[in-house]
Amino acid sequence: AALREREGQVQASGGKKPVPGAAAPGTVTEIIIRANADLIQDFLAHLGNGIIVTFKNQQARPTPYQSNVTKGSPSRKSLASSTMILSGLAILVFVPVHVITMKFGAHYGSAEPGVRDLYRLVIETFRSPGWVLFYVFMLVLIGFHLAHGFNSAFESLGVRYRKPAAWMWRAL
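A quick note: this is a predicted structure, and the numbers were derived from the prediction, not measured. (Residues numbered from 1 in each chain as written. Predicted model: local features only at pLDDT ≥ 70, side-chain atom pairs only at ≥ 80, totals over all residues. Heavy atoms only, no water.)

(A) The arrangement of the overall build of the protein in detail. Of regular secondary structure, the protein possesses seven helices and zero strands. Taken from N to C terminus, the helices and strands of the protein fall in the order α-α-α-α-α-α-α. Within the span of the protein, comprising 172 residues, buried residues form 10% of the whole. The long-range share in the protein, meaning contacts at least 24 apart out of those at least 6 apart in sequence, stands at 42%. (Helix = DSSP H or I, 4+ residues; strand = E, 2+ residues; numbered from the N terminus. Buried < 20%, exposed > 50% of the residue type's maximum accessible area, 1.4 Å probe, protein only. Contact = heavy atoms within 4.5 Å.)

(B) Fine view of the confidence of the model for the protein. Here the protein averages 78 in pLDDT, and 72% of its residues register 70 or above. Contacts of residues 1-8 to residues separated by more than four positions or lying in other chains number one contact, the stretch itself having pLDDT below 50. (pLDDT = per-residue confidence, 0-100.)

(C) Representation of the pattern of salt bridges. Taken as a whole and assessed by the stated rule, the structure comprises three salt bridges. The salt bridge involving Glu124 is made with Arg120; its shortest N-O contact spans 3.9 Å. Here Glu124 pairs with Arg120, and both are found in helix H5 (residues 118-125), just four residues apart, close to one helical turn. Owing to a relative accessible area of 39%, Arg120 belongs among the partly exposed residues under this scheme. Here Glu124 makes a salt bridge to Arg127, at a shortest N to O gap of 3.2 Å. (Salt bridge = Lys/Arg side-chain N within 4 Å of Asp/Glu carboxyl O.)

(D) The arrangement of the nonpolar core in detail. Counting seven residues, the largest nonpolar core consists of Ile91, Phe94, Met102, Leu121, Tyr135, Met138 and Leu141. Listed by contribution, the elements that provide at least two residues to this core are helix H4 (84-102) and helix H6 (129-156). Contacts of Met138, omitting those with residues within four sequence positions, involve Ala90, Ile91 and Phe94. (Core = buried A, V, L, I, M, F, W, Y, C linked by side-chain atoms within 4.5 Å.)

(E) Layout of the environment of Leu79. Residue position: Leu79 is located in helix H3 (residues 79-82). Assessed through its relative accessible area of 59%, Leu79 is described here as exposed. Spatially, the C-alpha atoms of Leu79 and His145 are 9.8 Å apart, while their sequence positions differ by 66 residues.

(F) Structural detail: the side chain of Ser87. Note that Ser87 resides in helix H4. Once residues within four sequence positions are removed from consideration, Ser87 is found in contact with Leu141 and His145.

(G) View of the packing of H4 against H6. At a minimum axis separation of 10 Å, H4 and H6 run at an interaxial angle of 130°. Classed by the angle they form, the pair H4 and H6 counts as oblique. The element H4 and its partner H6 pack so that their crossing is left-handed. Of the residues in H6, those in contact with Met84, Ser87, Gly88, Ala90, Ile91, Phe94, Val97, His98, Thr101 and Met102 of H4 are Trp131, Phe134, Tyr135, Met138, Leu141, Ile142, His145 and His148. (Axes fitted to C-alpha atoms, helices over the stretch in contact; angles between N-to-C directions. Parallel < 35°, antiparallel > 145°, perpendicular 65-115°, else oblique. Left-handed = near helix turned anticlockwise from the far one by under 90°.)

See the structure below:
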């Protein structure tokens with residue numbers, strides 16, 4: 001039956017064989033492929049920018065601080081801000097593990113032919129307490145990383161003080 005269906009596709013396309021895995025222009029599949037490519041490009045640009053900022057910071061102050069303790073209220077140093085490199089490296093490990101597991105992982109069939117049963121993939125993956133702990137830990141880490149990133153971005157835009165920024169934090 002599958003062979004007859006494939007022959008019907010070849011006949012419908014005017015005798016040209018369809019390219020397996022190719023997305024027709026304007027289809028949802030093509031949009032997803034382009035979005036994935038954009039996300040990868042943005043992720044790599046963010047990684048490169050983080051490396052450049054780290055090296056510039058090290059060049060600006062080649063001798064590290066003797067003490068890594070905050071001096072109190074005016075300081076906005078937080079656990080998230082002082083561990084950005086570590087959380088970034090952890091995210092760098094997590095993203096490929098997540099993509100490999102969820103996009104290229106086990107393929108469970110569904111009622112519709114050619115459609116993956118993602119519900120079953122998630123259920124089967126998270127049956128393992130190790131995966132659950134890993135994901136919860138990484139999501140908390142990503143939360144810290146993003147919170148510091150948003151805080152730094154707002155500060156760079158001039159929204160530095162708590163009162164003007166309060167409405168933005170409520171919105172988030």
